[in-house]
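One-letter residues, chain by chain:
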Amino acid sequence: MNIDSIMHSLEAKHPGESEYLQAVKEVLLSIKDVYDQHPEFEKASLIERLVEPERIITFRVPWVDDSGKVQVNLGYRVQFNSAIGPYKGGLRFHASVNLSILKFLGFEQTFKNSLTTLPMGGGKGGSDFSPRGKSDAEIMRFCQAFMNELFRYIGPEIDIPAGDIGVGGREIGYLFGQYKKLTRDFSGVLTGKNLEFGGSLVRPEATGFGGLYFVNEMLQTAGHEIKGKTIAISGFGNVAWGAATKATQLGAKVVTISGPDGYIYDPTGIKGEKIDYMLELRASGNDIVAPYAEEFPEATFVAGKRPWEVKVDIALPCATQNELNGEDAKHLYENGVLCVGEISNMGCTPEAIDLFVEKKMLYAPGKAVNAGGVATSGLEMSQNAMHLGWSAEDVDMRLRGIMHGIHHQCLQYGKQPDGYINYVKGANIAGFMKVAKAMMAQGIV
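Computed from a prediction, not measured in an experiment: that's the story for all the values here.

1. Observations concerning the packing of aromatic side chains
Applying the stated criterion to the full structure yields 20 aromatic pairs. Summarising the aromatic geometry, the rings of Phe142 and Phe146 are spaced 5.9 Å apart at their centres and angled 35 degrees between planes, so their arrangement reads as tilted. Separated by four residues within a single helix, Phe142 and Phe146 lie in helix α6 (residues 136-150), roughly one turn from each other. We classify Phe146 as buried; its relative accessible area is 0%.

This is the structure we're talking about:
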């Protein structure tokens, strides 16, 4: 595989799509050796097909705000790869959404879904609409307008969207209601639904819970315990909340959360009512964490900084892409961090990842660590298809089993002769091989 040639071609076709190009290059570097052992892949131009989405749908979303003014946003659905199942991946509503970000997320989702062993292809979608500062009525009208176009391209055996940044239970409810009205079809076409109409227990917590199950497996494999360890978490939304909840249950102490305004350091630990308060912060819609320090005076708010300067045992990015850079990685290394697990998608920059691997630190990428969210969405799809609901214990047991399986796959492909486990390589190769074999079996389509 000539990675430089492939990347040069992609850069020429998709100039300026930095997140997408970064995600592709990371995977290609990891899978090169195993790819070169399969000349049939080269003959079938498998990589050239794999790195391009099967389909991109772009549409305008006109809606009316509370003052009666017509607003227009852009809507997207990137249907990246359906080799192993219908497209599956979230919808993101945020001002930063563009095609590069959605293509990177859809590409990552393809391998993440493959790792879960569930029959789900990769997709992603969303809009540059931001729910922040909007009324419930405005959000409802936007969601209805968005679904007015999206419904043509999705279905329970075609493409099953879910939530992501800016799309929680409220938005999923409005989207589902409009889909049902347009199609007269009450099926599991969206996951992350409320329990009253087909949602799954444990789904809101699943990404954070699954992340901690995976990190716990990493630590145990390296001869460590999570109990008693201090943890730095970024973000304060659904993922961070789930991660803080499960970390506390496992006996660790979470000492940071963060937002666009800075980070909170709470040396007494973020637990109990403080974890509940994270939900209040998120529900406020203000996208800031500073009020935490006013509510709990033992905590300190550090404006304009990220939590990676705090001395901890474990670092868990839980916010957004490229939130932990090379300088942050140096801070963590110099502070003796034991383990870094990406619970956000592509949370670390290539410079940070290179340092972690070079120093042979315990580090695992988002496509493995945060797969618990989409895995539980897959379990929600199963429950919808069977017209039943499983108990929280049942779902949690299955989630734990899936994360154990993903960790095993990473060990299978990532263990090096000196004993170091390169989780980046392990996750990328394991996810790639399943998709590649399915694509080869299905011909040039």
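2. Some details on the side chain of Asn113
Inspection of the secondary structure assignment puts Asn113 in helix α5 (residues 99-115). One polar contact links the side chain of Asn113 to the main-chain carbonyl oxygen of Lys88, over a distance of 3.1 Å.

3. Here we look at the sheet that holds strand β3 (residues 87-93)
Spatially, β1-β2-β4-β3-β5 is the arrangement adopted by the five strands of the open sheet, whose pairing is mixed. The sheet terminates laterally at β1 (55-64) and β5 (159-162), the two strands that pair on one side only. Strand-to-strand twist of the sheet, defined as the mean angle between neighbouring strand axes without regard to direction, takes the value 20 degrees. Across six bridges, strand β2 (residues 70-81) lies against strand β4 (residues 121-127) in antiparallel orientation. If you follow Gly75 over to β4, its bridge partner there is Ser127.

4. Some words on helix α16 (residues 392-414)
Spanning 23 residues, α16 covers 32 Å between terminal C-alpha atoms, matching the ideal 33 Å at 1.5 Å per step. All of the buried residues along α16 are Val395, Asp396, Leu399, Ile402, Met403, Ile406, His407, Gln409, Cys410 and Gly414. Where the residues of α16 are buried, they touch α5, α8 (206-221), α9 (238-249), α14 (366-369), α15 (372-386) and α17 (423-441).

5. A word on the packing of α16 against α17
Where α16 meets α17, the closest approach of the two axes is 7 Å, and the angle between their N-to-C directions is 105 degrees. Comparing their axes, α17 and α16 come out roughly perpendicular. Along the contact surface, α16 presents His407, Gln409, Cys410, Leu411, Tyr413 and Gly414, while α17 presents Tyr423, Gly426, Ala427, Ile429, Ala430 and Met433. Of the residues in the contact of α16 with α17, the class split is eight nonpolar, four polar and no charged.

6. Topic: the side chain of Lys124
Within the element layout of this structure, Lys124 appears in strand β4. Of the residues examined, Lys124 reaches a relative accessible area of 3% and is grouped as buried. Engagement of the side chain of Lys124 in a polar contact is seen with the side chain of Asp164, the distance being 3.2 Å. When residues no more than four places from it in sequence are discounted, the contact partners of Lys124 are Arg77, Val78, Gly89, Gly90, Leu102, Leu105, Gly106, Gln109 and Asp164.

7. Some words on the sheet that holds strand β11 (residues 339-341)
If you walk across this open sheet you meet the seven strands as β9-β8-β7-β6-β10-β11-β12, and the pairing is mixed. The sheet is open, and its two borders are formed by β9 (300-303) and β12 (362-364), each paired with just one other strand. Adjacent strand axes in the sheet meet at a mean angle of 15 degrees, parallel and antiparallel pairs treated alike. Sheet analysis places strand β6 (residues 230-233) next to strand β10 (residues 314-316), joined by three bridges and oriented parallel. Bridged to Ala232 within β10 is Ala315.

8. Some details on α5
In this model, α5 (17 residues) spans 24 Å end to end at C-alpha, consistent with the 24 Å of a helix rising 1.5 Å per residue. Among the 17 residues that make up α5, 16 are buried, leaving the element largely enclosed by the rest of the structure. In this structure Asn98 caps α5, since a side-chain oxygen of it lies 3.1 Å from the backbone nitrogen of Ser100. Phi turns positive one or two residues past the end of α5, at Thr117, with a value near 70 degrees.

About the criteria used
Residues numbered from 1 in each chain as written. Predicted model: local features only at pLDDT ≥ 70, side-chain atom pairs only at ≥ 80, totals over all residues. Heavy atoms only, no water. Phe/Tyr/Trp six-rings, centres within 6.5 Å; stacked < 30°, edge-to-face > 60°. Helix = DSSP H or I, 4+ residues; strand = E, 2+ residues; numbered from the N terminus. Buried < 20%, exposed > 50% of the residue type's maximum accessible area, 1.4 Å probe, protein only. Polar contact = N/O pair within 3.5 Å; in protein donor to acceptor, adjacent residues only side chain to side chain. Pairing = 2+ DSSP bridges. Axes fitted to C-alpha atoms, helices over the stretch in contact; angles between N-to-C directions. Expected span 1.5 Å × (residues − 1). Contact = heavy atoms within 4.5 Å. Parallel < 35°, antiparallel > 145°, perpendicular 65-115°, else oblique. Nonpolar A, V, L, I, M, F, W, Y, C, P; charged D, E, K, R; others polar.

So far we have only geometry, and geometry alone does not tell us how the molecule works.
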